[in-house]
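Overview (structure and organization)
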Amino acid sequence: QQLLAHLGASVECHQNRVTIDASGLNNSVAPYDLVRKMRASILVLGPLVARLGKARVSLPGGCAIGARPINLHLKGIEALGASIELKYGYVEASAKKLIGADIYFDIPTVGGTENLMMAAVLAEGKTVLRNVAREPEIIALADTLNLMGAIIHGAGTSVITIIGVKSLNPVSVSIIPDRIEAGTFLVAGALTGGDVTILQCEPDHMRAIINKLEQTGALIDINGKSLRVRGDDVVKSADAKTLPYPGFPTDMQAQFMVLMSIADRVSLISENIFENRFIHVSELHRMGADIEVSGNTAMVKGVKTLYGAPVMATDLRASASLILAGLIAKGETVVNRVYHLDRGYEAIENKFAALNARIKRVKDS
């Protein structure tokens with residue numbers, strides 16, 4: 001919201017509705033102080049170049065879960081005809097006109113796919129994006145852009161074709177349910193042996209999560225747009241490998257690891273997306289978890305009990321995993337540095353409290 005307002009858009013938030021009027025957009029600079037707080041801010045790069053012909057965007061910050069370079073974003077924007085320079089910690093891009101191109105991603109990238117889609121809709125001619133991300137969020141973005149007058153085909157497959165248009169129109173859209181938030185509450189139900197029903201979710205987006213939880217003994221019922229999870233008395237061990245969609249999501253790895261920390265045997269969890277996404281392991285050790293990390297694989301030996309402790313959240317999903325661990329730990333758990341949390345969960349403490357968890361947010365002294 002702050003970044004969009006800085007760029008000249010009018011942004012109004014009322015309850016669960018956000019109204020954005022970008023007709024007055026006139027600033028092409030996304031400064032460090034705003035971009036460093038959330039990595040997704042790099043997604044203004046493509047739209048700014050497409051609309052204003054230039055952009056100066058700080059190199060992004062966000063969760064410390066790996067290098068996550070934006071080179072594929074930059075190569076793609078460059079392939080559309082933009083000039084790219086890196087100066088003083090900023091990406092400087094400019095183009096009199098973007099021209100459609102055939103672009104291949106070395107690896108599927110959600111952010112890169114989204115940035116290039118938003119740039120290419122206003123480019124002249126046809127753009128083909130190959131080896132793209134297939135996440136539901138990609139489909140949702142394509143659907144929204146098509147409602148605005150864009151011409152995009154193939155979202156949800158490995159090849160997306162875009163025919164450039166001269167302008168886009170305002171629309172009213174509903175945001176798709178957050179599959180990771182829903183997955184986190186599914187794990188919570190399985191972890192605590194609880195009985196939790198999640199309303200207004202999208203089960204088709206969560207097949208890998210559902211399948212993995214069923215392997216652990218959890219009972220999951222699907223009823224239209226709702227999911228009910230019932231945890232078993234004994235959590236069965238199950239191995240997991242994070243993969244691009246439709247595989248098991250990296251954003252569920254930390255939460256699933258907590259579940260495996262009290263499982264009946266040994267499980268292996270392999271992280272294949274980010275090279276530094278086991279930072280939460282050291283904090284789970286403080287709570288009594290038995291986890292050994294070797295390279296991109298964690299061997300998790302289930303223990304009977306976790307114990308409350310003061311712990312430190314290092315990123316968004318680590319924050320959620322430590323809260324989950326606190327739900328089943330003996331004694332009190334204090335999770336510090338939860339400012340990451342609100343980027344991915346709205347009032348998570350209120351939702352858990354409604355499920356009878358003893359949880360509250362307190363000010364850091």
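Since the structure is predicted, the reported quantities are computational estimates derived from the model, not experimental observations. (Residues numbered from 1 in each chain as written. Predicted model: local features only at pLDDT ≥ 70, side-chain atom pairs only at ≥ 80, totals over all residues. Heavy atoms only, no water.)

**Looking at the pairing of strand 11 (residues 195–198)**
Using the following cut-off: Think of it in three bands: residues with accessible area under 20% of the maximum for their type are buried, residues over 50% are exposed, and the middle band is partly exposed, with areas taken using a 1.4 Å probe on protein chains only. The helix and strand labels rest on DSSP assignments: H or I over at least four residues marks a helix, E over at least two residues marks a strand, and numbering proceeds from the N terminus. When DSSP finds at least two bridges between two strands, those strands are taken to pair.
Residues of strand 11 alternate between two faces, with V196 and I198 buried on one and D195 and T197 left unburied on the opposite face. In terms of strand pairing, strand 11 meets strand 13 (residues 226–230) through 4 bridges, oriented antiparallel. Bridge pairing in strand 13 links V196 to V229.

**Quick notes on helix 8 (residues 207–215)**
Filter applied, for reference: Comment: arc refers to directions from the helix axis out to C-beta atoms. Residues are treated as being in contact if the distance between any of their heavy atoms lies within 4.5 Å.
Among the residues of helix 8, I209, I210, K212 and L213 are the ones counted as buried. For helix 8, the angular spread of buried residues about the axis comes to 165 degrees, placing them on one side. For helix 8, the elements touching its buried residues are helix 7 (179–192), strand 12 (219–223), strand 13, strand 14 (240–241) and helix 9 (253–260). Among the residues trailing helix 8, G217 stands out with phi positive, at a value near 100 degrees.

**Focus on helix 7**
Stated formally: In this analysis, the expected span of each helix is defined as 1.5 Å times one less than the number of residues it contains.
For helix 7, which comprises 14 residues, the first-to-last C-alpha distance of 20 Å matches the rise-based estimate of 20 Å (1.5 Å per residue) to within 8%. Most of helix 7 sits inside the fold, with 13 of its 14 residues counted as buried.

**Side note on the layout of surface pockets**
The gaps left among the atoms become clear once a water-sized probe is rolled over them. Threshold: Definitions used for this entry: grid spacing 1 Å over protein atoms alone; cavity, a set of points where a 1.4 Å probe fits but cannot get out; pocket, an open set with protein on both sides within 12 Å along at least 5 of 7 lines; lining residue, one with an atom within 4 Å of a point. Grid points are joined across faces, edges and corners, and a volume is the space filled by probe spheres set on the points. All residues other than Ala, Val, Leu, Ile, Met, Phe, Trp, Tyr, Cys, Pro, Asp, Glu, Lys and Arg, Gly among them, are scored as polar; the first ten of these are nonpolar and the last four charged.
In this structure, the second largest pocket encloses a volume near 1000 Å³. Lining of the second largest pocket is provided by 33 residues; of these, I323, T333, R358, I359 and K360 occupy positions nearest its centre. The class makeup of the residues in the lining of the second largest pocket is 17 nonpolar, 7 polar and 9 charged.

**Structural notes on the confidence of the model for the chain**
Heads up, the condition is: In predicted models, pLDDT denotes the confidence assigned by the predictor to each residue on a 0 to 100 scale.
Mean pLDDT over the chain works out to 94, with 98% of the residues at or above the 70 mark. In this model residues 62–67 is a low-confidence stretch, pLDDT under 50, and it forms 22 contacts with partners more than four residues away in sequence or in other chains.

**Observations regarding the nonpolar core**
Formally: For this analysis, a nonpolar core means a set of buried residues of the types Ala, Val, Leu, Ile, Met, Phe, Trp, Tyr and Cys, connected via side-chain atoms within 4.5 Å.
One finds L186, L213, F256, M257 and L259 to be the most contacted residues of the largest nonpolar core, which totals 57 residues. Element by element, the count of residues in this core is highest for helix 7, at 8 residues. Sequence-distant contacts of L213, that is, excluding residues within four places in its chain, are made with L186, V187, A190, A218, I220, F256 and L259. Formed by 47 residues, the second largest nonpolar core is a distinct cluster that contains A82, A93, A95 and L145.

**A look at the packing of aromatic side chains**
What counts here: Centres within 6.5 Å make a pair out of two Phe, Tyr or Trp rings, where for Trp the six-membered ring is used; the pair is then stacked when the planes are under 30 degrees apart, edge-to-face when over 60, and tilted otherwise.
Evaluation of the coordinates by the stated rule reveals 2 aromatic pairs. Seen in terms of ring centroids, F185 and F352 are 4.7 Å apart; in terms of plane orientation they differ by 35 degrees. Their pairing is tilted. Of the two residues, F185 sits in helix 7 while F352 sits in helix 12 (residues 348–354), which places them 167 residues apart along the sequence. As far as the burial class goes, F185 and F352 line up, both buried.

**Regarding the environment of G224**
By secondary structure assignment, the location of G224 is in the loop between strand 12 and strand 13. Sequence-wise, G224 and C201 are 23 residues apart; in three dimensions their C-alpha atoms are separated by 8.9 Å.

**Considerations on the side chain of T216**
One can find T216 in the loop between helix 8 and strand 12. Looking at T216, the relative accessible area reads 3%, which means it is buried. Not counting residues up to four positions away in its chain, the partners in contact with T216 are V234, V235, K236, A238, F256, L259 and M260.

**Let's talk about the sheet that holds strand 3 (residues 29–30)**
Using the following cut-off: Helix axes use the C-alpha atoms of the stretch in contact, all axes being lines fitted to C-alpha atoms, and the angles between their N-to-C directions lie in the range 0 to 180 degrees.
Across the sheet, which stays open at both edges, the 4 strands sit in the order 3-4-6-5 with mixed pairing between neighbours. The strands lining the two open edges of the sheet, one partner per strand, are strand 3 and strand 5 (83–87). As paired strands, strand 4 (residues 54–58) and strand 6 (residues 90–94) are joined by 5 bridges and run antiparallel to one another. Counterpart to V57 in the pairing with strand 6 is V91. Each of strand 4 and strand 6 touches helix 3 (residues 45–52); the most contacted strand, strand 4, lies at about 160 degrees to it.

**Some remarks on the packing of helix 5 (residues 110–120) against helix 6 (residues 136–147)**
Using the following cut-off: Under this scheme an angle from 65 to 115 degrees is roughly perpendicular, one under 35 degrees roughly parallel, and one over 145 degrees roughly antiparallel; angles in between are oblique.
It is at 10 Å that the axes of helix 5 and helix 6 come closest, and there the two elements cross at 10 degrees. Relative to helix 6, the element helix 5 lies roughly parallel. Here V110, T113, E114, M117 and M118 of helix 5 come into contact with helix 6, specifically with E137, I138, L141, A142 and L145. Across the contact of helix 5 with helix 6, the residue classes tally to 7 nonpolar, 1 polar and 2 charged.

**Side note on the sheet that holds strand 13**
Across the sheet, 3 strands lie side by side as 11-13-12; this open sheet has antiparallel pairing. Each of the sheet's edge strands pairs with one partner strand only, and the pair in question is strand 11 and strand 12. Within the sheet, the average angular offset between the axes of one strand and its neighbour, ignoring direction, is 15 degrees. Of the strands in this sheet, strand 12 and strand 13 are in contact with helix 8, which crosses strand 12 at around 145 degrees.

**A closer look at the pattern of salt bridges**
Here is the rule we go by: Salt-bridge detection follows one rule: a side-chain nitrogen of Lys or Arg within 4 Å of a carboxyl oxygen of Asp or Glu.
As enumerated under the stated definition, the model contains 18 salt bridges in all. Note that E85 is salt-bridged to K87, the shortest N-O span being 3.9 Å. Among the ionic pairs, K301 bridges to E292, the shortest N-O distance being 3.9 Å. Note on K301: relative accessible area 30%, which makes it partly exposed. Connected through salt bridges with shared partners, the residues D251, R277 and R317 form a single ionic network.

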